[in-house]
Amino acid sequence: MQTFYSDDHRLHHGQAELNNGQLMPCFEKPSRADMVLERVRSTGLGPVQAPEDFGLAPIKRVHDSQFVDFLKGAWARWAALGRSHDMLPLAWPPRRMPARCPEDIDGQLGYYSFDAGVPMNAGSWQAIYSSAQVALSAQARLATGDQAAFALCRPPGHHAGIDYMGGYCYLNNAAIATQALLDGGARKVAILDVDFHHGNGTQDIFYQRPDVLFLSIHGDPRHEYPCFAGYADERGEGAGLGYNYNYPLAAGSDWTRWSQALADALRVIAGYGADALVVSLGVDTYKQDPISSFKLDSPDYLRMGEQIASLGLPSLFVMEGGYAVEEIGINAVNVLSGFSSRR
Ligand code: OKP
Ligand code: ZN
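Looking at an unreviewed UniProt entry, the chain carries the name Acetylpolyamine amidohydrolase, with the source organism given as Halopseudomonas phragmitis. Taken directly from UniProt, the Cofactor (unreviewed entry) text for the chain runs: "Zn(2+)".

Laid out in structure tokens, this is it:
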């Protein structure tokens with residue numbers, strides 16, 4: 001299996017985030033991707049390649065054009081105010097407040113986000129853009145007949161919606177790649193999100209569409225981030241009704257419980273008749289993850305990969321979360337190795 005990766009991710013390095021009321025160093029840090037890359041190399045998973053540049057057009061196929069232009073130009077506007085520290089949003093419209101787009105950068109940061117977990121520095125846009133190109137490049141391997149590819153994306157993407165960022169995510173890499181598969185001839189694509197957190201952005205992007213089946217296994221939003229989406233009764237809307245599946249699980253869920261949800265999700269995917277599968281691969285379900293509450297262990301990720309392989313679908317793995325940095329490489333590559341052992 002080929003891995004796509006760009007060093008550009010290192011240009012993005014947020015200083016701080018709020019966690020349980022405390023300002024803390026960002027959990028989403030450059031060493032995460034470095035550790036996964038190191039494991040890809042040391043296990044001999046396959047060649048590592050730099051991404052091609054597909055430009056902004058495939059990004060704007062799923063994201064609002066003004067939102068993308070805002071992200072691209074935000075740092076220059078921030079810096080023009082004499083600010084050199086991280087850019088962060090501050091205010092959001094609650095119920096009944098008219099959500100008109102303000103004119104200044106501070107107001108627009110709130111307009112185009114749903115939380116404050118999105119620090120940006122001078123190099124962030126380049127990292128965000130390259131992360132999307134990594135996903136697009138890996139997707140292109142499937143389009144030319146490869147059975148699998150790994151997009152080692154950073155920053156991650158599954159919380160980013162049509163016109164908003166949030167939760168360490170700016171552009172939705174998995175959604176951009178999914179749309180590119182469809183534009184390249186796939187008729188139907190399934191997205192399986194195994195990150196600990198609900199993929200609210202991916203759900204948002206495809207909620208009204210029957211050509212993308214979205215399934216997410218995650219911590220119950222009654223108790224876990226992103227707090228406002230991920231309930232089992234969110235089933236899609238309009239033409240998309242019936243093509244969205246959420247599996248909220250209780251804190252403490254281990255492989256026995258988690259794999260029951262996986263089995264159901266795989267059954268649904270098998271019945272859908274997809275031409276390809278995109279996996280939003282977060283490994284923050286790991287027992288030692290510092291911001292999550294599931295109890296998966298490293299060997300469980302081998303089983304996860306094997307069971308995903310049983311679908312027999314061309315599969316694109318897109319890196320999302322995972323914050324136990326010491327084990328992130330072992331766990332992520334275990335999924336890929338498990339998959340490869342069955343194909
Ligand atoms: C991004 B991805 C919990 C804090 C949660 C945001 C988490 C973003 C996760 N105390 N903060 O889905 O891994
Ligand atoms: Zn996560």
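1. Concerning the overall build of the chain
Within the chain one finds 10 helices and 10 strands. Taking 343 residues into account, the globule formula puts the C-alpha radius of gyration at 20 Å, and the chain, at 18 Å, falls close to it. C-alpha extents for the chain along the principal axes are approximately 55 × 45 × 40 Å. Taken across its 343 residues, the chain has 53% of its residues classed as buried. Here the analysis covers contacts within the chain between residues at least 6 apart in sequence; of these, 75% occur between residues at least 24 apart.

2. Points about the pairing of strand β8 (residues 244-249)
For β8, the buried fraction is high: 6 of the 6 residues fall into the buried class. Taking every second residue as pointing to the same face, both faces of β8 are buried, with Asn244, Asn246 and Pro248 on one and Tyr245, Tyr247 and Leu249 on the other. In this sheet, β8 lies alongside strand β7 (residues 212-219) in parallel orientation, the contact comprising 6 bridges. Of the residues in β8, the one forming a bridge with Leu215 is Tyr245.

3. Let's talk about the pairing of strand β9 (residues 276-281)
In regular strands, side chains alternate between the two faces of the sheet. Most of β9 sits inside the fold, with 6 of its 6 residues counted as buried. Of the two faces of β9, the one holding Ala276, Val278 and Ser280 and the one holding Leu277, Val279 and Leu281 are both buried throughout. Sheet topology places strand β6 (residues 189-193) next to β9; 5 bridges connect them, and they run parallel. By the bridge assignment for β9, Leu192 is matched with Val279. Taking the sense of rotation as the criterion, the β-α-β connection linking β9, helix α9 (residues 298-309) and strand β10 (residues 315-319) turns out right-handed.

4. Observations concerning the UniProt feature "domain: Histone deacetylase" (unreviewed entry) in the chain
If you check UniProt for "domain: Histone deacetylase" (unreviewed entry), the listed places come out as residues 28-335 in our numbering. The annotated region residues 28-335 carries 39% helix and 12% strand content, and the separation between its end C-alpha atoms amounts to 20 Å.

5. Some points on the packing of helix α1 (residues 30-42) against helix α10 (residues 325-341)
The contact between α1 and α10 brings their axes to 8 Å, and the two run at 45°. Here α1 is positioned oblique relative to α10, judged by the angle of their axes. For the crossing formed where α1 meets α10, the hand is right-handed. For the pair α1 and α10, contact is made by Ser31, Arg32, Met35, Val36, Glu38, Arg39 and Val40 and by Val325, Ile328, Gly329, Ile330, Ala332 and Val333, respectively.

6. Remarks on the nonpolar core
The nonpolar side chains of a soluble globular protein tend to be buried with one another. Ranked by size, the top nonpolar core spans 103 residues in total, and within it Ala135, Ala151, Ala177 and Val318 carry the most contacts. If you tally residues by element for this core, the top one is helix α5 (residues 124-143), at 11 residues.

7. Considering the confidence of the model for the chain
Residues of the chain with pLDDT of at least 70 account for 100%, and the chain-wide mean is 98. Here the predicted complex carries an ipTM of 0.97, next to a pTM of 0.99.

8. Looking at the packing of α5 against helix α6 (residues 173-183)
One way to put it is that α5 packs onto α6 with a least axis distance of 9 Å and a crossing angle of 35°. With respect to the hand of their crossing, α5 and α6 are arranged in right-handed fashion. Residue-level inspection shows Ser131, Ala132, Ala135, Leu136, Ala138, Gln139, Leu142 and Ala143 of α5 in contact with α6, the latter providing Asn173, Ala174, Ile176, Ala177, Ala180 and Leu181. Class assignment for the residues of the contact of α5 with α6 results in 11 nonpolar, 3 polar and no charged.

9. Let's talk about α9
Among all positions of α9, only Asp300, Tyr301, Met304, Gly305, Ile308 and Ala309 are buried. Buried residues in α9 make contact with α8 (255-272), β9, β10 and α10.

10. Remarks on the sheet that holds β9
The strand order across the open sheet built from 8 strands is β4-β1-β5-β10-β9-β6-β7-β8, with neighbouring strands paired in parallel fashion. Edge positions in the sheet fall to β4 (48-49) and β8, since each of these pairs with one other strand and no more. Along the sheet, α10 makes contact with β5 (148-151), β9 and β10, crossing β10 at roughly 175°.

Rules of the game
Residues numbered from 1 in each chain as written. Chains lettered and ligands numbered in written order. Predicted model: local features only at pLDDT ≥ 70, side-chain atom pairs only at ≥ 80, totals over all residues. UniProt positions renumbered as here; feature names shortened; annotations may be inferred. Helix = DSSP H or I, 4+ residues; strand = E, 2+ residues; numbered from the N terminus. Rg over C-alpha atoms; globule rule 2.2 N^0.38 Å. Buried ≥ 20, exposed ≤ 12 C-beta atoms within 10 Å, placed from the backbone. Contact = placed C-beta atoms within 7 Å. Pairing = 2+ DSSP bridges. Right-handed = clockwise from strand over helix to strand, strands pointing away. Axes fitted to C-alpha atoms, helices over the stretch in contact; angles between N-to-C directions. Parallel < 35°, antiparallel > 145°, perpendicular 65-115°, else oblique. Left-handed = near helix turned anticlockwise from the far one by under 90°. Core = buried A, V, L, I, M, F, W, Y, C linked by C-beta atoms within 7 Å. pLDDT = per-residue confidence, 0-100. Nonpolar A, V, L, I, M, F, W, Y, C, P; charged D, E, K, R; others polar.

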